[in-house]
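Secondary and tertiary structure notes
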Amino acid sequence: MKRFLSLKDFDLNHKHESEEARRRWRKAVSIVRNPSRRFRFVPDLDKRKETENKTLKIQEQIRIALYVHKAALHFIDAGRSVEYNLSDEIRKENFGIDPEELASIVRVHDIKRLRNKGGVEGIARKVSVSLDEGVLSSSLATRQKIYGLNRFTEKAPKSFWMFVWEALQDITLIILMFCAAVSIGVGIATEGWPKGMYEGLGIILTIFLVVIVTAISDYRQSLQFRDLDKEKKMIIVQVTRNGSRKKIPIYDLVVGDVVHLAIGDQVPADGVFISGYSLLVDESSLTGEVDPVSINEEHPFLSSGAKVRDGLGKMLVTAVGMRTEWGKLMETLSEDGQDETPLQVKLNGVATLIGKIGLTVGVLTFVVLTGRFLVEKALRNEFTDWSSGDALILVDYFATAVTIIVVAVPEGLPLAVTLSLAFAMKKLMNDRALVRHLSACETMGSATCICTDKTGTLTTNHMVVDRIWICDTVQEISGTDKSNYTLEISERVLSTLLQAIFQNTSGEVVKDKEGKSSVVGTPTESALLEFGLLLGGDHDAQQGQFKILKIEPFNSDTKKMSELVALPEGGTRAFCKGAPEMVLRMCDNIVDCKGEPTVLTEKLLEKTMKIIDGFTSVALRTLCLAYKNIDSNASAHSIPDSGYTLIAVVGIKDPVRPGVKEAVRTCLAAGITVRMVTGDNINTAKAIAKECGILTHNDNAIEGPEFRSKSPDEMKKIIPKIQVMARSLPSDKLNLVTHLKNMFGEVVAVTGDGTNDAPALHRSDIGLAMGISGTEVAKENADVIIMDDNFSTIVNLAKWGRAVYINIQKFVQFQLTVNVVALVIDFVSACITGSAPLTAVQLLWVNMIMDTLGALALATEPPNDELMKRPPVVKGAGFITKAMWRNIIGQSIYQLIVLLLLDFDGKRLLGLTGSDATEVLDTVIFNSFVFCQVFNEINSRDIEKINVFKGMFDSWIFLVVIISTVVFQAIIVEFLGNFATTVPLSWQLWLLSVAIGSVSLVVGIILKCIPVESTHKPSHHDGYEPLPGGPDAA
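First things first, this report covers the structure right here in the doc. (Residues numbered from 1 in each chain as written. Predicted model: local features only at pLDDT ≥ 70, side-chain atom pairs only at ≥ 80, totals over all residues. Heavy atoms only, no water.)

1. Quick word on the pairing of strand β9 (residues 449-452)
We apply this condition: Working definition: with a 1.4 Å probe on protein chains only, accessible area under 20% of the residue-type maximum means buried, over 50% means exposed, and in between means partly exposed. Each helix corresponds to a stretch of at least 4 residues labelled H or I by DSSP, and each strand to a stretch of at least 2 residues labelled E; elements are numbered beginning at the N terminus. Here the rule is simple: two strands pair whenever DSSP picks up at least two bridges between them.
In β9, alternate side chains face the same way, and those of Cys-449 and Cys-451 on one face and Ile-450 and Thr-452 on the other are all buried. Bridge count between β9 and strand β21 (residues 673-677): four bridges; the pairing is parallel. Residue pairing across strands places Cys-451 opposite Arg-675, the latter belonging to β21. Sheet analysis places β9 next to strand β24 (residues 748-752), joined by three bridges and oriented parallel. Opposite Cys-449, over in β24, you have Val-748 as the bridge partner.

This is the structure:
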């Protein structure tokens, strides 16, 4: 059996699996009762291919439309363009341009019409908005009414009745309904009304119950996925409204909004460029063109769905929702489901193999029952004498055989994975982790390594300037009275420092209605701006004095930000700030106490480096601020890369998050190695890593440049030891991930927030993007979005990933036990006695217990702390473990012995006499069988531990399922006997049935004391050894 269960057709990688492998396993699935339900969450590969081709055609049409229009502008007079008439409604609301005309200007990049309208300022006047103040909140409803909502037309969600219809597509249920109809017809003809209809009606009512319960479960899953899908599509946009900068959901965007764009953002609507610097956008998702497009006054059009590759800027929104090309593209494309997960595929293989066995047993059961019946008729010389009663018996035999197939083909196995993943994803969303891809939640349970950023993930990301080195003096800011804080420096030095802070920034100081200032921007920018305000600086005054000529925004490759400004008194000045190793190499001078530049000698440079080392040794992030005055002979719009004057070294404090140290300790205990990968100075990285419990020895830290210089053989030696990588580039993170996967077979989770982190996020097994600090490009390439940027949330994700895996194992153990017992008892009884003790109605009820209800009970159990005290599941390990086979075989043997003993000698053992002795015995067998499954469901809560009741009362779904099963079983036996072929039982026989079932608990204890050979787990390649066993060992 093990050989069959490890068929390669059903092996799938976590990510980036080939289409050939996906088609291979689909082809290998041969026994399916209800394809529409089984494969509901499996994408149609042919349909996906059609969608991709359709996307390419639309992109080609957009490209051609743009090129044709540009060419036509050379030949067609602008006066012959389409005229748009303003409606009375538009005039009444004081707007001066039709929505379609406004949308068409950007759609076809009509620069002539834009200039005829007065450029971006003219468009702003026509949509009644100030480019400085932005949209007024009071006009939002009017703008949405006239110019539309920023929403796309989506496919209507399935109703509950669609799920009912889908559940009814089960071929075996359709056959059973046909059998029930025949049974009712023949039964009424032979036994009269209403007795003749009971059995057939019982089958129909049970099918109805199965269908309704299945549909409710599936409908709830669809609602969970719908909620998750809404969260995945949610993008936060920065706009200017009512004169201040604020963040809003993308769905609240309206025509006239002034949107702020930065590296990694997605353009949220069609619009026109207002201002900006070095703005480059990637329009490949819309046009298919891979080359980035430069956005400026000459090419001012921004299309919804494009990604900001570089620079920053502001745009005026001109079209939203379905008036954009992106909206039309989204409407054309249909959702084709997420890729199937490896566990779903593996269980499809298990279900297929078991289904083949079940189909064989079902056919053999029908052949044996029918054969015995025909032989008995022949022995009584009645072979040619047929009655409607004989037909009814054959119909019953056929219905029983079909029901055996219903029970034997475990449709619930693959769907239990989806149920468990949906439940976990919903819980994780509440715990601030948004799972974008189903397989990520599953894969995280096998993670052996987490490569994490430092800033914002291990630290709070709430930064403040702690100390500054300026004019050859270190001055501390923390712990002082900040209400009247002043630096002990000259006015000239202070003026230069404030210029460097307020000019060279991507942040902004905004004021509310009361005049209170607040800072908008990245944590680093916010810390510097708050420090500038603390020193008495005026952000608005500084911005008003200088004209910005050019900006080079910060990115993780250059590790610096530069700006060129025109001075009020004439001339230009360049400012630069960034990592010390990048800025110091550009500096020739340093500001002295009088504010004059003096030569940065080797001695001064050495002293500067010692100051920086002192800052970093106490876990401070360091930034250097510098400037350069440029003479009139230099290029007016070129930012220099040398000859700067160092102003100051700033030390920024970013405290470690509470609970991170415990979370790291949990990871290590779970066999998950934590590595810090950061662009910060190595001393800062070491100090933080030691505080978090990541770094155990200084030799286990390395800098990016040194890592890059290593040969493959050297990397093979040092990578297992690396705990901290500092001064790293995004490419270093990508190389580390690649080597960990390829050289050591690690399952790697990687965190990232920047646009340049996208390749590493995409290459890793689990890409984790930061929800607060992460760019839209990073989020789009990630599998999970950590909404609170907290490392503890990542550990919680790993715990849920392990819970999904172990919960499915529990469910498989439970279902296979029911399968084995139901198949064997009916087949053996049919061969020996000529009748099956469990009828079609009873088997359908058992099928619902082990399928939908079993999945609800076992696949949705919350994780416990014990899960993080065992090593991760080895990649490629067999899903059904030896411990599971031990439990399945042991419980099956016990149940078969008891039930077959009752079947063959139950009347004598129970002292049953009278005309209803057979009905009573069959009811006892059915009741005992159900209670065996109820107690075995409790047994399956833990595969290896004896105490199966631990945490049971914390899982309300499990309790509801168990109680509901027992209550409905009592109703079936006591009150629905005519339909279920049962008779009411005495309290003694009820007690006996419960006792027989409860012995399963004792059997479970005995089985778990039997040792099974465990596969030797070698020590972790980085020296980690799994925790020793003990009373609490899993």
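Anyway, onward from the coordinates.
2. What to know about the side chain of Gln-895
Test applied: Contacts between residues were defined by any pair of non-hydrogen atoms, one from each residue, lying within 4.5 Å.
In this fold, Gln-895 is placed in helix α33 (residues 882-910). Overall, Gln-895 belongs to the buried group, its relative accessible area being 0%. For Gln-895, the residues in contact, after removing those within four places along its chain, are Thr-817, Val-821, Phe-929, Cys-932, Gln-933, Asn-936 and Ser-1000.

3. What about the packing of aromatic side chains?
Heads up, the condition is: Between rings of Phe, Tyr and Trp, where Trp is taken as its six-membered ring, a pair exists when centres lie within 6.5 Å; planes separated by under 30 degrees are stacked, by over 60 edge-to-face, and by other angles tilted. Sitting over a ring, as applied to charges here, requires NZ of Lys or CZ of Arg to be within 6 Å of the ring centre and within 35 degrees of the ring normal.
Scanning all chains against the criterion turns up nine aromatic pairs. Measuring from ring centre to ring centre gives 5.3 Å for Tyr-805 and Phe-879, while their planes differ by 80 degrees; the resulting arrangement is edge-to-face. Here the residue Tyr-805 occupies a position in helix α31 (residues 791-832), and Phe-879 occupies one in the loop between α32 (840-858) and α33, the gap between them amounting to 74 residues. Its relative accessible area of 13% is what places Tyr-805 among the buried residues. According to the relative accessible area criterion, Phe-879 is buried, its value standing at 4%. Chaining the aromatic ring pairs together yields one cluster made of Phe-160, Trp-161, Phe-163 and Tyr-219. Across from the ring centre of Tyr-251, 4.4 Å away, lies the NZ or CZ of Arg-151, which sits over that ring.

4. Some words on the pairing of strand β16 (residues 572-578)
Of all seven residues in β16, seven are buried; the element is thus mostly enclosed. The alternating pattern of β16 places Thr-572, Ala-574, Cys-576 and Gly-578 on one face and Arg-573, Phe-575 and Lys-577 on the opposite face, and all of these are buried. Direction of pairing for strand β15 (residues 560-566) relative to β16: antiparallel, over a ladder of seven bridges. Counted as the bridge partner of Val-565 is Arg-573 from β16.

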